[in-house]
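Fold and contact review
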Amino acid sequence: MNRDKDNAALTRAGPLAWRAGAGWLILAGGGSWRAGYLDDVNAAALGWADLDRPVAVLPTAGGSTLEAEALLEDYVDLGAPSGYVVPLFDPVGAQQPETCDLIEDAGLIVIDDGPELITLVRSVRESPAMGAMIRAFEGGTTILGMGAGASALGAWVAETDTKEVDVTRAEPGLGWLTNIIVAPHFEGTEDAHRLQQLLNQKRDCLGIGIPEGVGLGLGPFSEVENVGSGQVTVVVSGLEIEV
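Residues numbered from 1 in each chain as written. Predicted model: local features only at pLDDT ≥ 70, side-chain atom pairs only at ≥ 80, totals over all residues. Heavy atoms only, no water.

Leave glycine aside and you will find that most residues have negative phi; peptide bonds, for their part, are mostly trans. For H185, which is not glycine, the phi torsion reads 55° and is therefore positive. Residue H185 is classed as partly exposed on the basis of its relative accessible area, which comes to 28%. (Buried < 20%, exposed > 50% of the residue type's maximum accessible area, 1.4 Å probe, protein only.)

Glancing now at the packing of aromatic side chains. For the coordinates displayed, the defined rule picks out two aromatic pairs. Ring plane angle 0° and centroid distance 3.8 Å describe the contact between W24 and W48, whose orientation is recorded as stacked. Residue W24 is located in the loop between β3 (16–19) and β4 (25–28), and its partner W48 is located in helix α1 (residues 39–48); the two are separated by 24 residues in the primary sequence. Given a relative accessible area of 21%, W48 falls into the partly exposed group. Where F137 meets W176, the ring centres are 5.1 Å apart and the plane angle is 75°; that geometry is what we call edge-to-face. Of this pair, F137 sits in helix α5 (residues 128–138) while W176 is found in the loop between β10 (171–172) and β11 (180–183), placing the two residues 39 residues apart along the sequence. A relative accessible area of 0% places F137 in the buried class. Looking at R19, its charged tip hangs above the ring of W176, at a distance of 5.2 Å from the centre. (Phe/Tyr/Trp six-rings, centres within 6.5 Å; stacked < 30°, edge-to-face > 60°. Helix = DSSP H or I, 4+ residues; strand = E, 2+ residues; numbered from the N terminus. Lys NZ or Arg CZ within 6 Å of the ring centre and 35° of its normal.)

So, on to the sheet that holds strand β7 (residues 108–111). Strand order in this open sheet of seven strands is β6-β5-β7-β8-β4-β13-β14, and the pairing throughout is mixed. Each having just a single partner strand, β6 (83–85) and β14 (224–227) make up the two edges of the open sheet. Averaged over all pairs of adjacent strands, the angle between strand axes in this sheet comes to 15°, irrespective of strand direction. One ladder, built from four bridges, connects strand β5 (residues 55–58) with β7; its direction is parallel. Pairing of L58 across the sheet is with I111, part of β7. On top of the sheet, α1 reaches β4, β7, β8 (142–146), β13 (215–218) and β14; it is set at about 165° to β8, its chief contact. (Pairing = 2+ DSSP bridges. Axes fitted to C-alpha atoms, helices over the stretch in contact; angles between N-to-C directions. Contact = heavy atoms within 4.5 Å.)

Turning our attention to helix α2 (residues 66–77). The terminal C-alpha atoms of α2 lie 17 Å apart, and with 12 residues this matches the ideal 16 Å at 1.5 Å per residue to within 8%. On its buried face, α2 is in contact with α1, β5, β6, β7 and β8. Within two residues after α2, G79 carries a phi angle of roughly 110°, on the positive side. (Expected span 1.5 Å × (residues − 1).)

In this section: the pairing of β13. In β13, alternate side chains face the same way, and those of G215 and G217 on one face and L216 and L218 on the other are all buried. Summarising the sheet, β4 and β13 pair through four bridges and their orientation is antiparallel. In the strand pairing of β13, L25 is matched with L218. Pairing analysis gives four bridges linking β13 to β14, with the strands arranged antiparallel. Paired with L216 across the strands is N226, a residue of β14. Linkage of β13 to β14, two consecutive antiparallel strands, is achieved through a turn of five residues, within which S222 is found at a positive phi near 70°.

In short, the description is geometric, and any link to function would need to be established separately.
Below, the structure is given as C-alpha cells:
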C-alpha cells in the first residue's frame, strides 16, 4: 500500500490505484441480473463478502426501491444473508445517521445501476454516507458497483447521450479509483470513442471499459481479477488494451 500526495492510502497494481481497505472493490459492467448476466459477478462478490453481515443495496439516487428489493431477494437465493435497501436517494438521505449505520453494518454493499448517475454522485460525495462506506471497506466489507454504480466509483463522471459525452459537464466521481474513469456497458468502437473524449480532457487518467456481464475485482493485496467470460478494456491515450 502507498500514499499519494494527499495522504490517502492507496492499493496499487501496475497503473491501477484504488482506495486501500481490507475489502474487495468490484466494478461490474452491468446487464440484467434477472436474465443471468451478472451470475458470475454476483457469485464472486458473495465469495469475497463477509456473509456474517447483511447485504446493503444502495439504489440509484432518486430511483425506485422495487428493483433493489428484488435484487436483495436474488442474493438470498444465491446464499447471501438477509439484507436491506439503504434509503439514500438525495443529499438529505446521505446525511442521516440511520443511513450511515446501515451502510457501515453491511458485509456487502451494492451500488445499483440506473439512470441517475450524477444525482447519485452528488448525493454521496463528501457526505457522512461516504464516510460510512469508507469505514466499512476498511473493515473488510466488499463493495460492488453495478453499471452506473461502477462508473460512480471512478475519478470522473459525465452526462452522456447515445452518441457523445458532454465533457464540459464532467465532475469528480466518488474517487475510489484515483486515476480511473469507468465506462460500463462497454461494447466497442463507439463506447471507446466516448470514453476517449473524456480522457482527452483528463489526461492523468486511464479508462476502463467493462462489458455487460463482466466484472473487475480489485483486492486488498493488489489482486486484480477478471470475472465473467468477457474482457475488460483499458483505454490509454487512444490505445485499447484488453486485460
